[in-house]
Amino acid sequence: MDRKLRYTFLFIFLSGVAYGQTTREKLKKIRVDHFFTCTLDQLMDTLAAEYDIPIVFERDSLMQMDITEHFFDEPLGKVLKFACKANGLQYWIENDGTLYILQNPDDLPRLKKRYELNQTARGFKPVILPPPANAPKHFMFALTGHVTDQKTGESLPGASVRIRGTDLSALTNTSGNFTILDIPSDTSVVDVSFIGYQPDIFRLDSNSVKGNISFSLYPSLNSLSQVVITGRKKGVLNTDSKKVSVIQLTPALLDKLPNIGEKDIMRSFQLMPGVAATNESSSGIYVRGGTPDQNLVTFDGFTIYQVDHLYGFFSAFNSNAVRDVELYKGGFSSKYGGRLSSVTEVRGKDGNKKEVNIGGDISLLSTNVYAETPVGSNASALIAIRRSYQGPLYNKLFGQFNSSAANTGGGAIRGGPGGGGGGFNNQTTPSSYFYDLNTKFTYAPSTKNTFSWSLYTGADRLDNSREMTLPSFLASSGGTLNIADDTHYGNLGTSVKWNTTPSQKLFGSTVLSYSSFFSDRDRGTTGTITDSATTTTINNGILENNRLKDVGIKSDWEWNAASKIKVLFGGFNSNVKIDYTYTQNDTTTLINQHNSGSTTGAYTELEYEPNGRWHIQPGFRTTYFSQTGNLYYEPRLSAIYHLTDHINLKGATGRFYQFTDRVIREDVAGGDRNFWVLANNSNIPVGVSDHFILGTSYETDKLLFDVEGYYKKLNGLTEYSIRQLGGGPGGGGPMGGGGGAATATTVTENFYNGSGYAKGIEFLLQKKTGVYTGWISYTLAEAKNKFDAYGTSYFSAAQDIRHEFKSVNMYHLQRWSFAATFIFSTGHPYTAPAGVYNINTLDGNKISYLSVSEKNGERLPAYHRLDLSATYDLLKTDATKIGSISFSLFNVYNHRNTWYNEYYIRGNQVVTTTVKYLGLTPNITLSLKLK
């Protein structure tokens, strides 16, 4: 029998009421008291005719399904759910009121297309908007409003608002607000759209335009990914056609990508061109040759100074508490400052304003729970808690990055845990965990004012301390050593934010913020060794403490001066206090830094579109820094020219200053360390960078090809080194080793200053729609520094990666989503020891030191890995997503990439230990939510 699609439809006309809302209300209010014994298609025909509901289904399928049930005064919605659930079906309501019966979520586009063709064939087009109720009363006025999610009340930043029949349009800002000037009349029709939501249209009237108007959109069915080219897009990762060097990320879709833990915000950025993807041990991102401390990371207006959990396998951000994220890779707006490389702006969810919702994730590494609820009629609250637990996978991660280092006495590079001493260890179970907490309260006393309070706190405790018993063949009577290896670090941040719309042309956002960061590290050895009846007490090691506190206020304003002109301006003040101490053997304080300072300034920026082709954005920022007593001026400029409807030319330039740095403390033997310091007027200069960016893009409904070239000039770079003479056994400092009695210690601190540059070209080819989506990218780059202490020539920066290739592939099949990511890059540069030399002390002891090769003159092996994942969406009968199950394989072909090398001295020989990243690692994550 030939399969045919026949439809039953009834179009409802109710002035001023949305059809989708009408159908949803009918499912709740209408009561059914009836006995049905028929095929399912007959049931749908009966419901459609009896209750005036347009129902679309595939008759040939439903006529083979039966229902026999007596409903006793049941809601219509319950009847529909029962009928669908009993036959393995879902239903979906579009915002025009049409109800679709689906065998699979992917049936919706096909049914809608056939339905539209059927309507055209019948020569009948439904009326979905009422005519104007009255003659227009207002002309050439400004329309100010807000776009929200119909189900939760959350703001939708980046939604498109257009006046039908004109070229007037706007995108909502980060708070979901918009302003459009010169509206022809108060009977105009407004088209509102946002990817991931059903587009809708609204008829204005003389009452709705008097104040702030609110437009609400219904989510679209979670089926095929579709992206439009106008305005802001909403795939997993996207670029922005109106901004230069900007990447946008959708946290709700991150479960489609392979991951080692949960869906992760910062790690997802590493899949895009210009962001290094080889740092498995850090969620901090290296953008266009910059370091993580050169990337400003903010959450709801306060700065996050440590973005890692568990050696970087988790970022500090719980995706269940995040609404949206933007990464500015360079040439960013004058609204942002204080960093040389890039900006990551994270905005948290406000919480559900309509109903209570509870959800969470559980994986082999951590548990994550959140709850959101309305508080009265004008407020909402959200809380999200995440904590790790020690299971097989967690212990594998912890053991991997401690076992290699445990036998060398070396430390780990880029914030790794390191080890402590070596020999014959009586291992204890590692005591380690991380946690974080997000909470937010939002209150809107009126349509013009919204207040919110946001809090984040998180910490890691990584304790690999253990006891070591020396056997008698090493010492005649043996001995016991207690080896401490305890690292504790974390963040606390909070902000109070006030959004206000004092007039139809003016929007303001003021944030009072507090941020703090701490890092404590205890690594040493205590105990006794008995040899030939002589007992020696051992007490050596290091204590490292870093504290940072940041209190600030920032006020940002947008003034829509004319239909093609927007003025952005604001002011800011930040007060920072930093303490850092580094003590060796409990007695010798090698570093004792205590600094504080403030930055105060203002900025202004113009967004100008003289015609439909140009978008020009000049800006200027000025900052006063108390430590130097100087003013710093930062001009900025970005521009986009729409050569055709598909081809854009773009460019940006600007100057950027950084006053708070995380400097590297050189340690060739055990891996470099770093700590936060404040620039001053002497040995720590203010960092400065000049950006130059040019690019072009070609974009259609299905494809995007984007090319950007960049050059960054850097000055005021700082590295730190301790030089130590004497100190007896092990007192050779960061590069020494030896034995004997203690001798006098001489310590010198050295801040090395230098300059550098980073340049490169990035290519991106993206397929945006269909069952198969994804992108490939290639970056050719170079990052070099020059420090007088290392010579007069440029050398490769530690983060220099010459070639990097990435491939991200996603395939959608009904409820399943499959993904594969492949990464290849050349290895990182490093400094290697060239040999060993000895110094004889006055008391007859000998201390061994390492001599080193050319600065970063060697390179690690090339990095490459393949990750795979499969995600199955869990749907309710009404086709709304309530969760997912994700399976992931990290490093599928088990290529153990090199993290770093450690070196120690045995018998005047340099012994090298290679510390590797993870091999093949599986994980499974279950995500659920109540609604």
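In case you missed it, the structure is sitting above this.
(A) Highlighting helix α2 (residues 40-51). In this model α2 runs 16 Å from its N-terminal to its C-terminal C-alpha over 12 residues, within 8% of the 16 Å that 1.5 Å per residue would give. Aspartate 52 sits one or two positions beyond α2 and adopts a positive phi of about 55°.

(B) Just the sheet that holds strand β5 (residues 99-102), in detail. The strand order across the open sheet built from 3 strands is β2-β5-β4, with neighbouring strands paired in mixed fashion. At either margin of the open sheet sits one strand with a lone partner, and together these are β2 (55-56) and β4 (90-93). As paired strands, β2 and β5 are joined by 2 bridges and run parallel to one another. Across the sheet, residue isoleucine 55 finds its bridge partner in β5, namely leucine 99. Helix α4 (residues 76-86) contacts β4 and β5 of the sheet and is inclined by roughly 135° relative to β4.

(C) Main features of the side chain of aspartate 550. Considering the arrangement of structural elements, one finds aspartate 550 in strand β30 (residues 534-562). A distance of 2.7 Å separates the side chain of aspartate 550 from the side chain of tyrosine 305, its partner in a polar contact. In contact with aspartate 550, not counting residues within four places along its chain, are Thr303, Tyr305, Ser513, Tyr514, Ser515, Ser574, Asn575 and Val576.

(D) Structural context of the nonpolar core. Core analysis: the biggest nonpolar cluster contains 37 residues, and Ile265, Ile304 and Phe317 have the highest contact counts within it. If you list the elements that add at least two residues to this core, you get β14 (246-249), α6 (265-269), β15 (295-299), β19 (322-328), β44 (803-813), β45 (816-825) and β52 (898-906). In this view, isoleucine 265 contacts Leu249, Leu254, Ser315, Phe317, Ser319, Val322 and Val325; residues no more than four positions away in its chain are not counted. With 27 residues, the next largest nonpolar core counts Ile55, Leu62, Cys84 and Leu89 among its residues.

(E) How the structure looks around the packing of aromatic side chains. The final tally for this structure, using the stated rule, is 30 aromatic pairs. When the centroid spacing of 5.8 Å and the interplanar angle of 50° are considered together, the rings of phenylalanine 299 and phenylalanine 302 count as tilted. Taking relative accessible area as the criterion, phenylalanine 299 reaches 3% and is therefore assigned buried. Here the aromatic rings of tyrosine 757 and tyrosine 794 are separated by 5.3 Å at their centres, their planes lie at 65°, and the arrangement is edge-to-face.

(F) Broad picture of unusual backbone geometry. With phi around 50°, methionine 140 is a residue other than glycine that occupies positive phi space. Tracing the chain through its elements places methionine 140 in strand β6 (residues 139-149).

(G) Representation of the pattern of salt bridges within the structure. The tally for this structure, following the rule as stated, stands at 39 salt bridges. Between glutamate 708 and arginine 288 there is a salt bridge, with its nearest N and O atoms 2.6 Å apart. With a gap of 420 residues between them, glutamate 708 in strand β39 (residues 703-726) and arginine 288 in the loop between α6 and β15 connect regions that are remote in the sequence. In this structure glutamate 708 comes out as buried when scored by relative accessible area, which is 3%.

(H) Summary view of empty space enclosed by the protein. Taken as a whole, this structure holds 10 cavities of 30 Å³ or more when the rule is applied. Taken as a whole, the second largest cavity spans an internal volume of roughly 150 Å³. Ala276, Gly289, Ala781, Ile801 and Glu804 are, among the 16 residues lining the second largest cavity, the residues nearest its centre. Considering each element in turn, the lining of the second largest cavity owes the most residues, 3 residues, to strand β42 (residues 772-787). Looking at the lining of the second largest cavity, its residues break down into 8 nonpolar, 4 polar and 4 charged.

Cut-offs and rules
Residues numbered from 1 in each chain as written. Predicted model: local features only at pLDDT ≥ 70, side-chain atom pairs only at ≥ 80, totals over all residues. Heavy atoms only, no water. Helix = DSSP H or I, 4+ residues; strand = E, 2+ residues; numbered from the N terminus. Expected span 1.5 Å × (residues − 1). Pairing = 2+ DSSP bridges. Contact = heavy atoms within 4.5 Å. Axes fitted to C-alpha atoms, helices over the stretch in contact; angles between N-to-C directions. Polar contact = N/O pair within 3.5 Å; in protein donor to acceptor, adjacent residues only side chain to side chain. Core = buried A, V, L, I, M, F, W, Y, C linked by side-chain atoms within 4.5 Å. Buried < 20%, exposed > 50% of the residue type's maximum accessible area, 1.4 Å probe, protein only. Phe/Tyr/Trp six-rings, centres within 6.5 Å; stacked < 30°, edge-to-face > 60°. Salt bridge = Lys/Arg side-chain N within 4 Å of Asp/Glu carboxyl O. 1 Å grid on protein atoms, 1.4 Å probe; cavity = no way out; pocket = protein on both sides within 12 Å on 5 of 7 lines; lining within 4 Å. Points joined across faces, edges and corners; volume = space filled by probe spheres on them. Nonpolar A, V, L, I, M, F, W, Y, C, P; charged D, E, K, R; others polar.

Fair warning: the whole summary comes from geometry, so function is off the table for now.
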